[in-house]
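Now for the letters of each chain:
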Amino acid sequence: MKYKFLIPKSLCISLAIILTLFVGCKKNPLDGVILTLNTDISPVVYSIQVFDANPDNTITESENFSVKITGKDAASIFTLDGTKNFKFTKGFLSIMVKPGVTPSASKPLQFSVVVRYRNYLKTTIPVFLTKPQKGMVKVPIINTVNPPKGVTVTNTVVSTNTSGALDNDVKIQTPISAEKKETAEINIPKNTQFFDASGKPITGNINVQLVHFDNRNSQSLASFPGGFTANNVTDAANSSLGNGLFQTAGFVALEMGTDNQEVESFSQPVQVKIGVNSELKDPSSNQPVQAGNKIPSWSFNSETAEWKQIGDASVSFDATTNTYSADFFTSRRSWYNFDYFFRSCTIETQVQLNYTGEENYCKFFIEFENSRFDYYSYTQPTFTDLYDGKIITLPWGLPANESIRIRFVNPYTDEEIGVTPYFSSCYGLYTYDVNYQTNNTEFEFSIYGKCPVNDRIFRPSGWIYYQAQGSNEWNILGFMSNGRISTRALEAGKTYSVGTSNAGQFYSTEVTMEADVESAEVEWVLPEDYSGCK
Amino acid sequence: MIKSVTGWIFLLLFSFSHSAECQVHKTTSVGVGTNFLGLGGHLAWGFSNEKPSSVIRIAGGINTFKLPEQSFNFNQVPVSAVAEIKSGGIGLFYDIHPFHNSFKLVTGMLYSMHDFSANINLKDTYNIGEIPMSPEEIGAISASIKPSKFLPYIGLGFGNCAPTKKRISASFELGTFYSTGNNVKLNCSGLIEPMNEQESIIENNISSYRWIPNLNFSLNFRLFP
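The structure displayed is predicted, hence computed values, not measured ones.

Criteria and thresholds
- Residues numbered from 1 in each chain as written.
- Chains lettered and ligands numbered in written order.
- Predicted model: local features only at pLDDT ≥ 70, side-chain atom pairs only at ≥ 80, totals over all residues.
- Heavy atoms only, no water.
- Helix = DSSP H or I, 4+ residues; strand = E, 2+ residues; numbered from the N terminus.
- Buried < 20%, exposed > 50% of the residue type's maximum accessible area, 1.4 Å probe, protein only.
- Contact = heavy atoms within 4.5 Å.
- Areas by Shrake-Rupley, 256 points an atom, 1.4 Å probe, with all protein chains shown as cover.
- Lys, Arg positive; Asp, Glu negative; His and termini not counted.
- Charge placed at Lys NZ, Arg CZ, Asp CG, Glu CD.
- Pairing = 2+ DSSP bridges.
- 1 Å grid on protein atoms, 1.4 Å probe; cavity = no way out; pocket = protein on both sides within 12 Å on 5 of 7 lines; lining within 4 Å.
- Points joined across faces, edges and corners; volume = space filled by probe spheres on them.
- pLDDT = per-residue confidence, 0-100.
- Axes fitted to C-alpha atoms, helices over the stretch in contact; angles between N-to-C directions.
- Disulfide = S-S within 2.5 Å.

Thoughts on the overall build of chain B
Part 1: When helices and strands are tallied, chain B shows 3 helices and 14 strands.
Part 2: The buried share of chain B, reckoned over its 225 residues, is 48%.
Part 3: Taking as baseline every contact in chain B between residues at least 6 positions apart, the subset at least 24 positions apart corresponds to 68%.
Part 4: Accessible area for chain B stands at about 10700 Å²; split by element, carbon and sulfur atoms hold 63% of it.

Below, the structure written as structure tokens:
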């Protein structure tokens with residue numbers, strides 16, 4: 001009997017203990033586990049950095065810039081948080097192509113970023129991609145109040161009568177100075193009417209802005225709108241000329257309109273005339289231009305980023321001023337380009353690096369052996385990563401069968417890494433052996449954005465910039481993928497800010513590089529209205 | 001952890017030495033049954049001439065079952081989860097009948113093949129701004145939790161696993177395995193792959209999940225003599 005009573009009691013106590021041990025005071029296994037997303041969802045991430053072409057100016061209000069994406073693939077372009085709210089911050093705009101849209105040689109991607117802001121010349125940034133890439137481009141923009149050297153601006157107002165026509169001939173001319181030897185002028189005959197894009201006449205006072213870029217000054221050449229390479233060029237007969245490079249004799253930007261309407265065309269042709277640098281050589285003869293020579297003239301469609309030949313400007317010589325000029329007539333308001341055009345190779349030219357050294361970044365310049373293309377050296381270099389086996393695709397539009405070489409430099413110190421021998425611009429795949437070592441140790445950032453409401457975490461992908469303490473300039477650090485980036489750019493003992501532009505916000509944090517620390521974790525709190533937090 | 005396992009091994013050795021001193025091999029049986037390990041069986045040797053006082057068993061089993069799909073919100077995102085429990089192992093157990101009746105205390109050690117896994121998927125499209133991402137593009141969370149390989153065991157129950165008087169006996173047992181730790185493996189795919197870094201959070205959350213209960217019912221058949 002004793003045992004009969006004892007055994008069930010033992011069993012009950014044991015059962016109670018076991019169940020308590022198993023289920024008592026347990027946490028939910030998912031407590032504290034956070035939904036974390038890698039935002040590297042697009043094959044194309046592009047960063048556009050605008051800066052004032054005049055080095056004496058600083059852009060402080062890029063947040064207020066008006067941004068419009070145009071072109072045939074504009075619908076596929078989004079901000080990095082998947083919206084269409086395009087906005088510059090600290091001069092940066094980061095965009096991506098919709099996931100699933102992959103550019104290729106047979107199906108290139110083409111769009112333009114059109115930037116407007118008061119006191120700045122409207123700027124169109126054409127982007128043409130034939131393969132997936134994480135690209136970035138630095139674009140100079142022109143402050144019309146204080147333009148760079150070699151660029152002059154004239155602002156005026158022309159009045160039309162009640163029928164929208166001019167009562168008198170109008171001549172608008174940019175000024176000449178010791179540093180600006182050529183001028184540009186527009187001559188509009190009386191009775192000219194002005195029409196908007198729908199063909200409707202524009203009446204009243206019309207604001208006119210005429211901007212001239214000469215081909216002498218490095219600042220002017222460096223800020224040549226849209227750059228010198230072009231991917232969408234047609235001749236006067238509307239036949240495609242493919243990709244190519246312009247050699248400029250000068251550039252004229254004509255903006256006309258009221259507060260509400262832009263002038264797109266004229267009722268009769270107007271004369272566009274520029275002074276011609278007497279050192280300009282006609283490529284067909286390789287001799288300085290002479291009276292009677294022709295310089296092809298082009299207009300630009302900012303919607304399609306198309307350069308279209310509108311005729312040939314005739315070169316004339318003025319014996320009284322001992323100067324050359326070239327002019328043509330047009331009925332369309334546009335950007336006008338007085339340029340020789342050089343067709344590019346039909347194949348892609350690439351450089352493969354046999355690289356020994358730590359993985360790093362570099363920027364590279366393309367240099368031509370032919371001095372005719374010396375002006376190209378003023379264009380912005382390309383930033384890329386540096387590792388063994390890296391294949392660098394040279395920009396489309398390089399002129400065919402020219403002798404070129406590539407100069408690689410450290411993007412952080414401008415120290416030269418190496419220069420290739422000259423090779424043909426249509427070489428195909430050129431192989432180059434290069435070695436480079438830096439003294440800086442590798443440092444890794446782990447970066448994430450956190451939603452304030454639901455704690456979701458986003459691991460960003462995009463370009464990261466850095467700013468040395470005391471400097472006002474943000475420079476490229478590299479491309480961050482899945483919230484991680486390794487760099488050898490930062491020196492031990494110094495303090496930097498690192499930041500990125502994402503969905504109209506600029507996130508940054510200050511980091512002091514300790515000698516014995518090799519990594520840092522950075523948390524940026526996202527705004528509540530960040531699309532992924534909703 | 002090492003101390004804990006060592007302690008259980010000493011307990012087992014002590015038990016075996018006790019039986020070796022006092023008893024001679026009397027009966028050999030086989031058993032089939034169901035328990036936490038699933039369907040299983042054992043080979044048992046009883047050590048008693050008059051009454052069953054101790055039994056050594058080599059037991060094994062395996063079981064797999066899926067839990068019903070669960071839906072819940074994870075960081076305010078609707079998800080569905082499917083969990084699967086694979087239990088199994090092979091072990092050495094020692095039953096002692098202290099009161100010379102059917103009541104027994106059990107100790108032992110299991111080589112564990114337990115694996116508790118779960119797959120969590122988004123239920124709906126997740127929008128990154130205006131870009132809809134399918135659950136497949138976002139990816140899935142695949143989690144696996146495995147207790148330690150060797151699990152000491154303690155339990156109690158009724159019935160003799162090595163019947164002496166009758167050819168057949170029934171046995172019931174309640175006990176618990178003890179895991180010295182749980183190994184969590186996250187295998188997140190797609191865009192949520194960075195969540196793999198959160199294994200340690202789950203490991204910490206389940207650090208108190210050490211005791212694995214066991215209910216065992218078996219039918220035992222004496223082979224010989």
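Now that the structure has been shown, the text picks up again.
Side note on the overall build of chain A
Part 1: From N to C terminus, chain A includes 2 helices and 38 strands.
Part 2: When each of the 534 residues of chain A is scored for burial, the buried share is 55%.
Part 3: Taking the average location of the 44 positive side-chain charges in chain A and that of its 54 negative ones, the two points are 8 Å from each other.

Section: the pairing of strand 4 (residues 70-74) of chain B
Part 1: Pairing between strand 4 of chain B and strand 5 (residues 77-96) of chain B: 5 bridges, direction antiparallel. Counterpart to Phe72(B) in the pairing with strand 5 of chain B is Val79(B).

Side note on empty space enclosed by the protein
Part 1: Throughout the structure, instances matching the rule amount to 6 cavities of 30 Å³ or more.
Part 2: In this structure, the largest cavity spans a volume of roughly 140 Å³.
Part 3: If you trace the largest cavity, you find 19 residues lining it, with Asn35(B), His42(B), Arg57(B), Ala59(B) and Asn216(B) closest to the centre.
Part 4: Looking at the lining of the largest cavity, the elements that each hand over two or more residues are strand 1 (27-35), strand 2 (38-46), strand 3 (54-66), strand 12 (168-178) and strand 14 (211-224) of chain B.
Part 5: No other element matches strand 1 of chain B, which puts 5 residues into the lining of the largest cavity.
Part 6: Every residue lining the second largest cavity is listed: Thr39(A), Tyr448(A), Gly449(A), Phe458(A), Arg459(A), Pro460(A), Thr500(A), Asn502(A), Tyr507(A), Trp524(A), Leu526(A) and Tyr530(A).

Notes on the confidence of the model for chain B
When pLDDT drops low, the exact placement of atoms in the prediction is not to be read closely.
Residue and element names in this part refer to chain B.
Part 1: Model confidence for chain B is summarised by a mean pLDDT of 84, while 86% of its residues fall at 70 or above.
Part 2: With pLDDT under 50 throughout, residues 1-24 is counted as low confidence; its partners more than four residues away or in other chains account for 35 contacts.
Part 3: Complex prediction metrics read pTM 0.80 and ipTM 0.78.

What to know about the sheet that holds strand 3 (residues 66-70) of chain A
All names here are of chain A.
Part 1: Strand order across the open sheet formed by 3 strands is 3-6-7, with antiparallel pairing between neighbours. The sheet is open, and its two edges are formed by strand 3 and strand 7 (120-129), each paired on a single side. Within this sheet the neighbouring strands show an average axis-to-axis angle of 15°, counted without direction.
Part 2: Inspection of the sheet shows strand 3 paired to strand 6 (residues 109-117) by 5 bridges, in the antiparallel sense. Bridge assignment links Lys 68 to a residue of strand 6, and that residue is Val 114.

Section: the state of the cysteines
All names here are of chain A.
Part 1: For the coordinates displayed, the defined rule picks out 2 disulfides over all chains.
Part 2: Shown here is the disulfide that connects Cys 345 with Cys 426, its sulfur atoms set 2.1 Å apart. Here Cys 345 and Cys 426 share a disulfide; its torsion about the S-S bond, -90°, makes the bridge left-handed. With a gap of 81 residues between them, Cys 345 in the loop between strand 22 (335-343) and strand 23 (350-357) and Cys 426 in the loop between strand 29 (423-424) and strand 30 (429-436) connect regions that are remote in the sequence.
Part 3: With a sulfur-sulfur separation of 2.0 Å, Cys 451 is cross-linked through a disulfide to Cys 533. When the S-S torsion is -85°, as for the bridge of Cys 451 with Cys 533, the disulfide is left-handed. Of this pair, Cys 451 sits in the loop between strand 31 (443-450) and strand 32 (457-459) while Cys 533 is found in the segment after strand 38 (519-525), placing the two residues 82 residues apart along the sequence.
Part 4: What connects to what in chain A, once the bonded cysteines are numbered by sequence position, is 1-2, 3-4.

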